[in-house]
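# Fold and contact review
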Amino acid sequence: MSETMDDKGTVKKAEEFLQVFKKGAEFTQELLRENERLRYQILQVEAGKGEGGLSGEAEEEIRRLRQRIEELEAEKLKILDRIKRVEEENHDFANRYVEVETENNNLANLYIASYQLHSTLDFKEVLQIIMEIVINLIGAEEFAVMLLDDKSNSLQAVASEGIETQDVPIISIGDGIIGQMAKTGENYFIEDMENYMRDLHHPIVCIPLKIKEHVIGVIVIYKLLVQKKRFAEVDYELFTLLAGHAATAIFSSKLYSESERKLSTIQGFLDLLTK
Amino acid sequence: MSTYKVLVVEDSPTMRQLIVFALKRIRGLSIVEASDGVDGLKKLSIEKFDLIFTDINMPIMDGLKLVSLVRNDPGYKSVPIVIITTEGAHEDRERALALGANEYITKPIQTTKIIDSAKRLLNLAG
């Protein structure tokens, strides 16, 4: 009896143990599954980390947006480049506008000067206008207008500013700078203006008064106005153009005075004959 | 567009024409010319001007005398005066400005300076 009871107790214990063991096994298996599931998730998370951790759609959206950003960046660079070119063009146009304005002003001044020069046939008036132009447009303080005497083949001052006309030397054609310029018909501008000391035989500027290739005289400048420190670019051209008009005006007024004188002589002669 | 009246007092016809030609580039200006200070004063007594340009060295009455007479006239006390002259020395400029000139431009004539001065003193844009 007690043996049977012992057997029953043992079986019961074994069953209990078996149950515990089974539960332990089930629990272990469950743990293993859970472990496997977690490992899979870890793998997924790790894999996801490499791809930004986003879904395929999101990745596609990002890729599309990135592409758009790149396109916009390229467009921005193009626009910036265009702006730069437009600014450069604008700058060029502004410079060109200033140049055109300056040219326009110079032409207007030249037109007025030549209009004034040809507005009279009076020799003294022509000389006065030349003087005004040289002071007001060129900016000279001391200068003289010298005319060629065909008989003596020499240049003599007929008008001056800042110096006495009689103080200007009479220059033979070919002599010194003035004589040479009158002979060759070329313009002379001194190179070293800063160290110039007034020398009536050596001006800072000598411009021949030419009608075609025939020199009738020269304009010599010894000093510029205090505020005019150097020659402007336009001066070289302006001088020549003005000198051309001045020469024609002088020549015309001289011819007119001569014809007037002859007419007066003839008139006097006719009056003598008829009265 | 309102019209501003400008008086140009200058004895040299060439110089006067150069100034007038420069001023004509500004739209809406009516320009009157005077050959010296006395002629300028005569014209100032006949009509009202908004701006005066004057030379200094002139016969009969010089530009500085004209400036002082204009400044002593209550009707012209505040009218801007621009001097255009060959006198480039600092003391000449100071003297002219002390007498009441608003601007001092030296020769050789520069069209842009004349236009800029006129526009500035008449408060014209551009």
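These numbers come from a predicted model, not from an experiment.

## Quick look at the overall build of chain B
Broken down by element type, chain B carries 5 helices and 5 strands. Reading the helices (α) and strands (β) of chain B from amino to carboxyl end gives β-α-β-α-β-α-β-α-β-α. Computed over C-alpha atoms, the radius of gyration of chain B comes to 13 Å, within 12% of the 14 Å expected from 2.2 N^0.38 for 126 residues, which places it in the range of a compact globule. Once the C-alpha set of chain B is aligned to its principal axes, its extents read approximately 35 × 30 × 25 Å. Restricting the contact set of chain B to residue pairs at least 6 apart, pairs at least 24 apart contribute 61%. On chain B, roughly 5800 Å² of surface is accessible, and the fraction owed to carbon and sulfur atoms is 50%. Once the 17 positive and 16 negative side-chain charges of chain B are each reduced to a mean point, those two points are 6 Å apart.

## As for the overall build of chain A
Within chain A, the regular secondary structure consists of 5 helices and 6 strands. For a compact globule of 275 residues, the expected C-alpha radius of gyration is about 19 Å, and chain A comes in at 53 Å, more than 25% above that figure. Across the 275 residues that make up chain A, the buried fraction comes to 29%. Counting contacts in chain A only where the partners sit at least 6 residues apart, residues at least 24 apart contribute 53% of the total. Side-chain charges of chain A comprise 33 positive and 50 negative groups, with the mean position of each set lying 5 Å from the other.

## Here's the deal with the packing of aromatic side chains
Each aromatic ring pair is characterised by the separation of its centres together with the angle its planes make. Residues and elements named next belong to chain A. Summed over all chains, the structure comprises 6 aromatic pairs over all chains. Seen in terms of ring centroids, Phe231 and Tyr236 are 6.0 Å apart; in terms of plane orientation they differ by 65°. Their pairing is edge-to-face. Look at Phe231 and you get buried, because its relative accessible area is 11%. Members of the aromatic cluster, joined through ring pairs, are Phe189, Phe231, Tyr236 and Phe239.

## Focus on the sheet that holds strand 5 (residues 103-106) of chain B
All names here are of chain B. The 5 strands are arranged 2-1-3-4-5 in an open sheet whose pairing can be described as parallel. Among the strands making up the open sheet, the edge pair consists of strand 2 (29-34) and strand 5. When strand polarity is set aside, the average angle formed by the axes of neighbouring strands in this sheet is 20°. Note that strand 3 (residues 51-54) and strand 4 (residues 81-85) share 3 bridges and pair parallel. Bridge pairing in strand 4 links Thr54 to Ile83. Along the sheet, helix 2 (residues 37-46) contacts strand 1 (4-9), strand 2 and strand 3; its crossing angle with strand 2, the most-contacted strand, is approximately 135°. Strands strand 3, strand 4 and strand 5 of the sheet are contacted by helix 5 (residues 111-121), whose axis makes an angle of about 170° with strand 5.

## Here we look at unusual backbone geometry
Cis geometry is found at the peptide bond from Lys107 of chain B to Pro108 of chain B, where omega equals 10°. Within the element layout of this structure, Pro108 of chain B appears in the loop between strand 5 and helix 5. The phi dihedral of Asn153 of chain A is positive, around 55°, even though this residue is not glycine. Tracing the chain through its elements places Asn153 of chain A in the loop between strand 1 (140-149) and strand 2 (154-161). Assessed through its relative accessible area of 42%, Asn153 of chain A is described here as partly exposed. Positive phi outside glycine occurs at Asn123 of chain B, with the angle close to 55°. In this structure, Asn123 of chain B sits in the segment after helix 5.

## Some details on the side chain of Glu10 of chain B
Residues and elements named next belong to chain B. In this fold, Glu10 is placed in the loop between strand 1 and helix 1 (13-23). For Glu10, a relative accessible area of 1% puts it in the buried group. A distance of 3.2 Å separates a polar side-chain atom of Glu10 from the backbone nitrogen of Ser12.

## Section: the confidence of the model for chain B
When pLDDT is averaged along chain B, the result is 92; 98% of the residues meet or exceed 70. Predicted complex, confidence summary: ipTM 0.86, pTM 0.75.

## Side note on the nonpolar core
If you look at the biggest cluster of nonpolar residues, it comprises 77 residues, and the most contacted ones within it are Leu209 and Ile221 of chain A together with Leu23 and Phe53 of chain B. Residue contributions to this core peak at 10 residues, all from helix 3 (residues 123-138) of chain A. Within the second largest apolar cluster, 21 residues are counted, among which are Leu44, Met61, Leu64 and Val70 of chain B.

## Observations concerning the confidence of the model for chain A
Chain-level statistics for chain A give a pLDDT mean of 88 and a share of 95% at 70 or above. Mean pLDDT values over the elements of chain A span from 78, in helix 1 (residues 2-50) of chain A, up to 96, in strand 2 of chain A.

## Focus: a nonpolar patch on the surface
Residues and elements named next belong to chain A. A contiguous nonpolar surface patch, about 380 Å² in accessible area, is contributed by Leu77, Ile79, Leu80 and Ile83. Secondary-structure assignment places Ile83 in helix 2 (residues 56-117). For Ile83, a relative accessible area of 41% gives the class partly exposed.

## Examining the sheet that holds strand 6 (residues 214-224) of chain A
Hydrogen bonds between backbone groups are what pair the strands of a sheet, and the pairing can be parallel or antiparallel. Residues and elements named next belong to chain A. Pairing is antiparallel across the open sheet formed by 6 strands, whose spatial order is 3-2-1-6-5-4. Strands with a single pairing partner mark the edges of an open sheet, and in this sheet they are strand 3 (171-172) and strand 4 (188-189). Where strand 5 (residues 205-211) lies against strand 6, 7 bridges are found, and the strand directions are antiparallel. Counterpart to Ile207 in the pairing with strand 6 is Ile219. The strands touched by helix 3 within the sheet are strand 1, strand 2 and strand 6, with strand 1 carrying the most contacts at an inclination of about 145°.

Definitions and cut-offs
- Residues numbered from 1 in each chain as written.
- Chains lettered and ligands numbered in written order.
- Predicted model: local features only at pLDDT ≥ 70, side-chain atom pairs only at ≥ 80, totals over all residues.
- Heavy atoms only, no water.
- Helix = DSSP H or I, 4+ residues; strand = E, 2+ residues; numbered from the N terminus.
- Rg over C-alpha atoms; globule rule 2.2 N^0.38 Å.
- Contact = heavy atoms within 4.5 Å.
- Areas by Shrake-Rupley, 256 points an atom, 1.4 Å probe, with all protein chains shown as cover.
- Lys, Arg positive; Asp, Glu negative; His and termini not counted.
- Charge placed at Lys NZ, Arg CZ, Asp CG, Glu CD.
- Buried < 20%, exposed > 50% of the residue type's maximum accessible area, 1.4 Å probe, protein only.
- Phe/Tyr/Trp six-rings, centres within 6.5 Å; stacked < 30°, edge-to-face > 60°.
- Pairing = 2+ DSSP bridges.
- Axes fitted to C-alpha atoms, helices over the stretch in contact; angles between N-to-C directions.
- Polar contact = N/O pair within 3.5 Å; in protein donor to acceptor, adjacent residues only side chain to side chain.
- pLDDT = per-residue confidence, 0-100.
- Core = buried A, V, L, I, M, F, W, Y, C linked by side-chain atoms within 4.5 Å.
- Patch = residues over 30% accessible without salt bridge, like charges linked within 9 Å, V, L, I, M, F, W, Y side chains within 5 Å.
- Salt bridge = Lys/Arg side-chain N within 4 Å of Asp/Glu carboxyl O.

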